Amino acid sequence: MSDIKLFQFEANRVTELPGTAVQVERSLQLMFEANLEALLGVRFLASEHSTGPVHGGRIDTLGVDEDNSPVIIEYKRSVNENVINQGLFYLDWLLDHRKEFQWLVMERLGQDVANTVDWSAPRLLCIAGDFTRYDEHAVKQIARNIELIRYRRFGETLLMMELVHAPKTAKVASTKTEVKASDNPEQANEIGADPYLSQRMSYRLSQSSSGLRDIYDAVHQFVVGLGDDVQVKELKLYTAFKRLKNFVCMEIYPQSRTVTLFLKLDPNQMDLEEGFTRDVRNVGHFGTGDLQVTLKSMVDFEKAQPLLRQAYELG
């Protein structure tokens, strides 16, 4: 059971607000679905989505996250319900019905989003008033992107969410040929199926100098060390760091010799410095975050550390 408590200070008096975790009912599911982007960084696609007469199931909530990865959300309605196994069943169904999912994305979010759905790391989010120790042990043994989220309601207006478990690193399982440093540089232009091949992180990392890799690795280690709840998602075009939602996205550019960060911070609250920080709210870019931070040296990395901490704390 969660030991999180909430107290209200009022006129030198402290009162504990009783937290409740009633079994997830349809009304709470609807509340989540109406606010998925604010709560979890997930864009809503469908509720109670049927898996057809053969499978005979219904996925509680379908969505797509900030990195355009498919997301299945299952709500644990009773203590004995095996929501993890049920969710894994739906994950396998989803991977076998990619075109159906992409059609749904196209209808709800448009063709551009449907074309960029990333199938390398689909996610399963399990939401419950509580999880047993067997639930937490089980997900640690399963090599899938499963996140356990516990909730508590305090009064009529407060909702608390606690990330109980999440995979530390979700790596891309690419089905396309990677370009390595020893490959022909012109190969990137020969594979027309992937216009972003030369922009892939694996390719750019292989082309980067040792000094630039040092900056990239230093940022990676620093951000992961900010808290046990930091998750790393290594995508084709950038590396995302997230808690419940992304708070930093990182790219590396060997030609310009820079490591570029996109932070979930409000540029209006920052003293922007030319060549170091930039407002990119109206500038197209991969990843999420409105504040761009450009690192060209370890000195820049040290200067960026307070911003990284702030993005984590607000994430």
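Model, not experiment: these values are computed from the prediction. (Residues numbered from 1 in each chain as written. Predicted model: local features only at pLDDT ≥ 70, side-chain atom pairs only at ≥ 80, totals over all residues. Heavy atoms only, no water.)

Colleague: For this particular structure, what's the right way to read the overall build of the chain?
Modeller: Helix and strand content of the chain: 11 helices and 16 strands. A total of 315 residues make up the chain; the buried ones form 46% of that total. Taking contacts inside the chain between residues at least 6 apart in sequence as the whole, the part at least 24 apart equals 57%. Element-wise, carbon and sulfur atoms account for 48% of the exposed surface of the chain, whose accessible area totals about 16500 Å². (Helix = DSSP H or I, 4+ residues; strand = E, 2+ residues; numbered from the N terminus. Buried < 20%, exposed > 50% of the residue type's maximum accessible area, 1.4 Å probe, protein only. Contact = heavy atoms within 4.5 Å. Areas by Shrake-Rupley, 256 points an atom, 1.4 Å probe, with all protein chains shown as cover.)

Colleague: Teacher, can you tell me more about helix H5 (residues 98-109) here?
Modeller: Given 3.6 residues per helical turn, the α-helix brings residues three or four places apart onto the same face. For H5, with 12 residues, the first-to-last C-alpha span of 16 Å sits near the 16 Å given by 1.5 Å per residue. By the burial criterion, the buried members of H5 are Phe-101, Leu-104 and Val-105. End-on, the buried residues of H5 take up no more than an arc of 100°, which puts them together on one face. Exposed residues lying more than 90 degrees from the buried face of H5 are Lys-99, Trp-103 and Glu-107. (Expected span 1.5 Å × (residues − 1). Arc of directions from axis to C-beta.)

Colleague: Quick question: what am I supposed to make of the packing of helix H10 (residues 210-224) against helix H11 (residues 298-314) here?
Modeller: Helix-helix packing is characterised by the crossing angle of the two axes and by the distance between the axes. Close contact between H10 and H11 brings their axes to 11 Å; oriented N to C, the two are set at 25°. The orientation of H10 with respect to H11, classified from their angle, is roughly parallel. At the point where H10 passes H11, the crossing takes the right-handed sense. Facing Asp-214, Ile-215, Ala-218, Val-219, Phe-222 and Val-223 of H10, the residues of H11 in contact are Met-298, Phe-301, Gln-305, Leu-308 and Arg-309. Its residues assigned to classes, the contact of H10 with H11 shows 8 nonpolar, 1 polar and 2 charged. (Axes fitted to C-alpha atoms, helices over the stretch in contact; angles between N-to-C directions. Parallel < 35°, antiparallel > 145°, perpendicular 65-115°, else oblique. Left-handed = near helix turned anticlockwise from the far one by under 90°. Nonpolar A, V, L, I, M, F, W, Y, C, P; charged D, E, K, R; others polar.)

Colleague: I tried to follow the environment of Val-105 on my own but got confused; where do I start?
Modeller: Take Val-105: it is sitting in helix H5. With a relative accessible area of 0%, Val-105 lands in the buried category. It is 9.5 Å that separates the C-alpha atoms of Val-105 and Pro-70, two residues lying 35 residues apart in sequence. Those residues in contact with Val-105 that sit more than four places away from it in its chain are Leu-45, Gly-110, Val-113, Ala-114 and Val-117.

Colleague: In this structure, what is going on with the packing of aromatic side chains? I would like to understand it.
Modeller: Centre-to-centre distance and the angle between the planes together describe a pair of aromatic rings. According to the stated counting rule, one finds 5 aromatic pairs in the structure shown. Between Phe-32 and Tyr-75, the ring centres sit 6.0 Å apart and the planes meet at 55°, which makes this aromatic pair tilted. Here Phe-32, found in helix H1 (residues 26-34), pairs with Tyr-75, found in strand E6 (residues 70-75); they are 43 residues apart in sequence, far enough to count as distant. By the burial criterion, Phe-32 is buried, and Tyr-75 matches it. With centroids separated by 5.8 Å and ring planes inclined at 85°, the aromatic side chains of Phe-222 and Phe-301 adopt a geometry described as edge-to-face. Residue Phe-222 is found in helix H10, and its partner Phe-301 is found in helix H11; the two are separated by 79 residues along the sequence. Here Phe-222 and Phe-301 have matching classes, each one buried. Here Lys-303 stacks its cationic end above the ring of Phe-276, 4.3 Å away from the centre of that ring. (Phe/Tyr/Trp six-rings, centres within 6.5 Å; stacked < 30°, edge-to-face > 60°. Lys NZ or Arg CZ within 6 Å of the ring centre and 35° of its normal.)

Colleague: Looking at this model, I keep getting lost on the pattern of salt bridges. Mind explaining?
Modeller: Any two side chains of opposite charge can pair, so long as their charged atoms come close to each other. Summed over all chains, the structure comprises 16 salt bridges. Across the salt bridge formed by Glu-147 and Arg-123, the nearest N and O atoms sit 2.8 Å from each other. With Glu-147 in strand E8 (residues 146-154) and Arg-123 in strand E7 (residues 123-128), this pair connects stretches of sequence that are 24 residues apart. Since its relative accessible area comes to 2%, Glu-147 is described here as buried. The partner of Arg-243 in a salt bridge is Asp-229, with the nearest N and O atoms 2.7 Å apart. (Salt bridge = Lys/Arg side-chain N within 4 Å of Asp/Glu carboxyl O.)

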